[in-house]
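Structural characterization, general
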Amino acid sequence: MQAAFELAALEPRGRALSVVKAVVPVALVAEIFCHIGQTAAAAAAQQHTVQIEIVCDECARDHDGIILQRQQRFHFLLGLVGLAAGQQLDHVKGICVQRHGANLAHHLRRDSAVVCQRSQFFHLVFQKELIVAAAGQQGVFCPRRKDSLVAGLTASGADAYLLHVTTTPSVAYIARVDDFDCGIMISASHNPYYDNGIKLIDCYGEKMDEETLLLVEAYLDGHLHVFDQDWPELPFASRDKIGCTVDYVAGRNRYMGYLISLGIYSFRGVKVGLDCANGSSWNIAKSVFDALGADTYVINNKPNGLNINLNAGSTHIEGLQKFVVENHLDIGFAYDGDADRCLCVDEKGNVVTGDHILYIYGCYMKERGKLITNTVVTTVMSNFGLYKAFDAQGIDYAKTAVGDKYVYEYMAKNGCRIGGEQSGHIIFSKYASTGDGILTSLKMMEVMLAKKKPMSELAAPLKIYPQVLENVHVTDKKAAQDDADVQAAVKAVAEALGSTGRILVRESGTEPLVRVMVEAPEHETCEKYVAQVVDVIKAKGYAI
């Protein structure tokens, strides 16, 4: 059930300029109607969670500037959380508002002004088109964020092109090939629905540069300083500078066509299992594999807004393992919620990690003389066994910080063609500027069909070393890692392991943790050396 409000916006002289029909969320309803004396509506709003939809008929100004937009250019939702059955607020009509249209737009922009251009600061001079996409789930939370985001964009002068429910790689692809200024992805990625977030992509289809992201965060935190002045708020667009929204589902379809064009072999007769994590690949992946002739079997392809990555997808691959074995499939692919990751399951039900994928495709490229620079880019978390296998094949490798952003930066700077992470973020720089789960699965199919071998045989040469990782909660992670005694303990372990294994000690980027990881031929050896370092951290008083 929805609660509807119709607000007549007036000039200071009392002449009606426009009508705002609104179904308003709790906090916003209370604030607006308390200010204008609507105590009954404010009280009701304290009990119910509702939605907001604003349709504006024309441009309107109050003494502070634009407060409403033209109907054909501005139509959005702020929320999609409905009332309980049988509950709704009364329909309030004809309420005179002078400044509250501006208040609505202010709150909306405060939550959604997260868009930027590559070369100049976002929102200040918006004359170009931008692409906006929603992905992850259909249902409750993602549409709310998408529509409030679009409102902030159009109010600031950007044109928002909507791809609707789609994958992160598709946004990157369309932003690049269709000459947009940036792309925005709303997604929970590999996380639960309540961890929805926003990914920003530049005009080259790459992750937005750190400098721009810091400007966005500074604005959201209320302390933006740029162009030699503070910007507590940013100006609205006016008149013909107001942005519009465009349905751009054709862009998503063109991305699907691009993926299909990369299939150089027919998949006919191959039984393929897909785990779509109840996320954005739920209808794209199957369409691509069907078009290439595969016998496609799909699980976790019924997103409801709450079940994204819930016991599904690449972070819960055990479901696909069972599905592949029970249905006697030839191969299985598991994506995460926004489909920028892919892990595989071979015909025997064994997991094929991102490290396996890097090894399999790296060798395939080297055999054909396609491995430019003879280098595969990994992160420091890739398994020690991967490096031993590369050494055996005469393939060089680079190690970056954890994160596909850093992998791609190294690849772009050094001209490398393949890189990725153990988690399944794999980047094929000839075909994409970011990790692409569906593209990764197509490339694995290509190797299987070209070499006429099952996935288990392709992955067999890579021996994954046992790994033990312990997270230590500490009072000061930098001090703990830099401590002389801790460093001495780490050095002693590294010397003891020699060329048979490795130790890695690093700080968590988001939590007060120091991570101690050891890889060695035997699990017991890993445990022993991890404990050795952790004991020193605790003895020095850093552990909580």
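Bear in mind that the values here come from a model prediction, so they are computed numbers and not experimental data. (Residues numbered from 1 in each chain as written. Predicted model: local features only at pLDDT ≥ 70, side-chain atom pairs only at ≥ 80, totals over all residues. Heavy atoms only, no water.)

**Observations concerning the sheet that holds strand β22 (residues 418-420)**
Quick reminder of the rule: Pairing between strands is defined by DSSP: at least two bridges between them are needed. Only DSSP runs of H or I with at least four residues qualify as helices, and only runs of E with at least two residues qualify as strands; both kinds are numbered from the N terminus onward. Angles shown run from 0 to 180 degrees and are taken between the N-to-C directions of axes, each axis being a line fitted to C-alpha atoms and, for helices, limited to the stretch in contact.
Here four strands make up an open sheet; going across it, the order is β21-β20-β22-β23 and the pairing mixed. Edge positions in the sheet fall to β21 (396-400) and β23 (426-428), since each of these pairs with one other strand and no more. The mean angle between the axes of side-by-side strands here comes to 20°, regardless of whether they run parallel or antiparallel. With three bridges connecting them, β22 and β23 associate as antiparallel partners. Looking at the pairing, G419 lines up with I427 of β23.

**Remarks on the side chain of E446**
Condition: Using a 1.4 Å probe on the protein chains alone, a residue whose accessible area is under 20% of its type maximum counts as buried, one over 50% counts as exposed, and one in between counts as partly exposed. Throughout, a contact is declared for two residues whenever any of their heavy atoms are within 4.5 Å.
By the element assignment, E446 lies in helix α13 (residues 437-451). The exposure class of E446 is buried, given its relative accessible area of 7%. Filtering out sequence-adjacent residues up to four positions away, E446 remains in contact with I264, Y265, Y361, Y364 and R368.

**Remarks on the nonpolar core**
Soluble globular proteins: nonpolar side chains tend toward being buried together. Here is the rule: The nonpolar core is taken to be a set of buried Ala, Val, Leu, Ile, Met, Phe, Trp, Tyr and Cys residues, with the residues joined through side-chain atoms within 4.5 Å.
One finds V272, L274, F289, F333, Y335, I360 and M444 to be the most contacted residues of the largest nonpolar core, which totals 63 residues. Ranked by residue count, the leading element in this core is helix α10 (residues 354-367), at eight residues. Ignoring anything within four residues of it in the chain, the contact list for F333 reads V272, G273, L274, D275, F289, L320, C342, L343, C344, S441, M444 and M445.

**A short note on helix α12 (residues 404-414)**
In an α-helix, one turn spans 3.6 residues, which is why side chains three or four residues apart end up on the same side. Quick reminder of the rule: Each direction from the helix axis to a C-beta atom contributes to the arc, which is the arc of those directions.
Three or more residues of α12 are buried, namely D404, K405, V407, Y408 and M411. Along the axis of α12, the buried residues cluster in a sector spanning 160°; they form a single face. Contacts from the buried residues of α12 go to α6 (210-220), β20 (375-379), β21, β22 and β23. At the C-terminal side of α12, G415 shows a positive phi close to 75°.

**A word on the packing of aromatic side chains**
Put simply, the test is: Two aromatic rings from Phe, Tyr or Trp, using only the six-membered ring of Trp, form a pair when their centres are within 6.5 Å; if the ring planes differ by under 30 degrees the pair is stacked, by over 60 it is edge-to-face, and anything between is tilted.
Taken as a whole and judged by the stated rule, the model has 13 aromatic pairs. With a centroid separation of 5.7 Å and 40° between ring planes, the pair formed by F267 and F289 is classed as tilted. With F267 in the loop between α7 (249-261) and β15 (271-275) and F289 in helix α8 (residues 284-291), this residue pair connects regions lying 22 residues apart in the sequence. Across the pair, F289 and F267 agree in class, each one buried.

**Details of the sheet that holds strand β26 (residues 513-519)**
Here we have three strands laid out as an open sheet, ordered β24-β26-β25, and antiparallel in their pairing. Edge positions in the open sheet fall to β24 (467-473) and β25 (502-507), since each of these has one partner strand only. When the angles between neighbouring strand axes are averaged without regard to direction, this sheet yields 15°. Sheet topology places β24 next to β26; seven bridges connect them, and they run antiparallel. The residue of β26 that forms the bridge with V472 is V514.

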